[in-house]
Amino acid sequence: MKCIYCNYPYTYLLKDNQRKCGKCKRKFSPQKLEREQKLRSLFVEGYNARETSKKTGMHFSTVLKHYENFRITIALHADKQYQLHAKSITGYDEYLYLPKSLRAEENIDKLKHFLTLSYENKVYNLMMPSIQRFNFDTNDTQEQKLLLKYLRFNKIAKLSKAQNTITQFWEFFEEFILQYKGVSDEQFIFYLKEAEWRFNYSKSELIHSLELSQRI
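Residues numbered from 1 in each chain as written. Predicted model: local features only at pLDDT ≥ 70, side-chain atom pairs only at ≥ 80, totals over all residues. Heavy atoms only, no water.

Colleague: For this particular structure, what's the right way to read the sheet that holds strand β4 (residues 89-97)?
Modeller: The strands that make up a sheet are held in pairs by hydrogen bonds between backbone atoms, and each pair lies either parallel or antiparallel. Spatially, the 3 strands line up as an open sheet ordered β4-β5-β6, and their pairing is antiparallel. The open sheet terminates on both sides in strands that have one partner only, identified here as β4 and β6 (122-127). Recorded for the sheet is a direction-independent mean angle of 25° between the axes of neighbouring strands. In this sheet, β6 lies alongside strand β5 (residues 112-119) in antiparallel orientation, the contact comprising 6 bridges. Across the sheet, the residue bridging to Tyr-119 is Lys-122, located in β6. Sheet contacts for helix α6 (residues 185-200): β4, β5 and β6; angle to β6, the most-contacted strand, approximately 170°. (Pairing = 2+ DSSP bridges. Helix = DSSP H or I, 4+ residues; strand = E, 2+ residues; numbered from the N terminus. Axes fitted to C-alpha atoms, helices over the stretch in contact; angles between N-to-C directions. Contact = heavy atoms within 4.5 Å.)

Colleague: Is there a simple way to explain the confidence of the model for the protein in this structure?
Modeller: Predicted coordinates in regions of low pLDDT should not be interpreted in detail. Per-residue confidence for the protein gives a mean pLDDT of 83, with 81% of residues at or over 70. In this model, residues 155-159 is a region of pLDDT below 50 whose contacts with residues beyond four sequence positions or in other chains number 9 contacts. (pLDDT = per-residue confidence, 0-100.)

Colleague: Quick question: what am I supposed to make of the pattern of salt bridges here?
Modeller: Side chains carrying opposite charge are able to pair once their charged atoms draw close together. A complete count under the given rule lists 5 salt bridges for this structure. Salt-bridge contacts for Arg-71 lead to Glu-194; the nearest nitrogen and oxygen are separated by 2.6 Å. With Arg-71 in helix α3 (residues 60-85) and Glu-194 in helix α6, this pair connects stretches of sequence that are 123 residues apart. The class for Arg-71 is buried, based on a relative accessible area of 3%. Between Lys-193 and Glu-196 there is a salt bridge; the shortest N-O distance is 3.1 Å. Separated by 3 residues within a single helix, Lys-193 and Glu-196 lie in helix α6, roughly one turn from each other. Via salt bridges that share partners, Arg-71, Glu-194 and Arg-198 belong to a single interconnected network. (Salt bridge = Lys/Arg side-chain N within 4 Å of Asp/Glu carboxyl O. Buried < 20%, exposed > 50% of the residue type's maximum accessible area, 1.4 Å probe, protein only.)

Colleague: Please explain the packing of helix α1 (residues 30-45) against α3 as it appears in this structure.
Modeller: Angle between the axes and distance between the axes: these two values describe a pair of packed helices. Viewed as axis vectors pointing N to C, α1 and α3 meet at an angle of 70°, and their least axial separation amounts to 11 Å. The angle between α1 and α3 places the two elements in the roughly perpendicular class. Judged by the twist between their axes, the crossing of α1 over α3 is right-handed. The residues of α3 that touch α1, namely those facing Glu-36, Leu-39, Arg-40, Leu-42 and Phe-43, are Val-63, His-66, Tyr-67, Phe-70, Arg-71 and Ile-74. Considered class by class, the residues forming the contact of α1 with α3 number 7 nonpolar, 1 polar and 3 charged. (Parallel < 35°, antiparallel > 145°, perpendicular 65-115°, else oblique. Left-handed = near helix turned anticlockwise from the far one by under 90°. Nonpolar A, V, L, I, M, F, W, Y, C, P; charged D, E, K, R; others polar.)

Colleague: Could you clarify how one ought to interpret the environment of Pro-30 in this entry?
Modeller: The residue Pro-30 is located in helix α1 in this model. Expressed as a C-alpha distance, the spacing of Pro-30 and Met-1, which sit 29 residues apart in the sequence, is 9.2 Å. Discounting residues that sit within four places of it in the chain, Pro-30 has contacts with Met-1, Asn-17, Gln-18 and Arg-19.

Colleague: Help me understand the sheet that holds strand β2 (residues 19-21) in this model?
Modeller: Spatial ordering of the open sheet is given by β1-β2-β3, a layout of 3 strands whose pairing is antiparallel. Edge strands, defined here as strands with exactly one partner in the open sheet, are β1 (11-13) and β3 (27-28). The pairing of β1 with β2 spans 3 bridges and is classified as antiparallel. Counted as the bridge partner of Thr-11 is Cys-21 from β2.

Colleague: Help me out: how do you make sense of the packing of aromatic side chains in this one?
Modeller: Aromatic ring pairs: the centre-centre distance and the angle between the two ring planes describe each pair. Applying the stated criterion across every chain, the model contains 19 aromatic pairs. Between Tyr-5 and Phe-28 the ring centres are 6.4 Å apart and the planes differ by 75°, which places this aromatic pair in the edge-to-face class. Taken together, the residues span a long stretch of sequence, with Tyr-5 in the segment before β1 and Phe-28 in strand β3 at a distance of 23 residues. Given a relative accessible area of 40%, Tyr-5 falls into the partly exposed group. An angle of 40° between the planes, with centres 5.9 Å apart, marks the rings of Tyr-67 and Phe-70 as tilted. Within this pair, Tyr-67 and its partner Phe-70 are both found in helix α3, separated by 3 residues, close to a single helical turn. The exposure classification of Tyr-67 matches that of Phe-70, with both residues buried. Through pairs of rings, three or more aromatic residues link up here, namely Tyr-95, Tyr-97, Phe-114, Phe-169, Trp-170, Phe-172, Phe-173, Phe-188 and Phe-199. The side chain of Arg-26 reaches across the aromatic face of Tyr-5, ending 3.7 Å from its centre. Seen from the ring of Phe-60, Arg-50 lies directly overhead, with NZ or CZ sitting 4.2 Å from the centre. (Phe/Tyr/Trp six-rings, centres within 6.5 Å; stacked < 30°, edge-to-face > 60°. Lys NZ or Arg CZ within 6 Å of the ring centre and 35° of its normal.)

This is the structure:
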């Protein structure tokens, strides 16, 4: 079995069932690798943490911890890709998101504000300050009407190729996030990044990018 750290072709089995590299001398557990590979595969397939827990027999909190680590890895991967392709940006637009289950008139303060940039038929998202940071008065009827008008018009597809990529992502994100209930403000960016990752890559690319990023 090859070393997972330096790719040296020779490792040997220890008494505790771990393997040790003959070159870099680092140890790793094949059983742990197999478990993580299974979790990665189910995550890429789109199973949520609860479904994966039932499917594998692993404790829900353990699966959830792995899924959170996957999303952190994905966010870091997205940042690296953006840095590599920043000069290829062809367009950008901002988006105000509110769960479909909430009435906009009564939940203006729950809007999520992010900026979507497009490059090479892919997207990259940046969280923007909440509307409260702009001293928006949620009790001002006129301001509410203006914001709701913007919210409606902001969903109209644009004509340029860049804008089409962006609006296609927004539609993809709206469908993707429906499966999750009660995403906290702190965790929202990681679910946004997961949607971005799934939108940008094919299934084989998803597996490769996640495995490669976790090894680095």
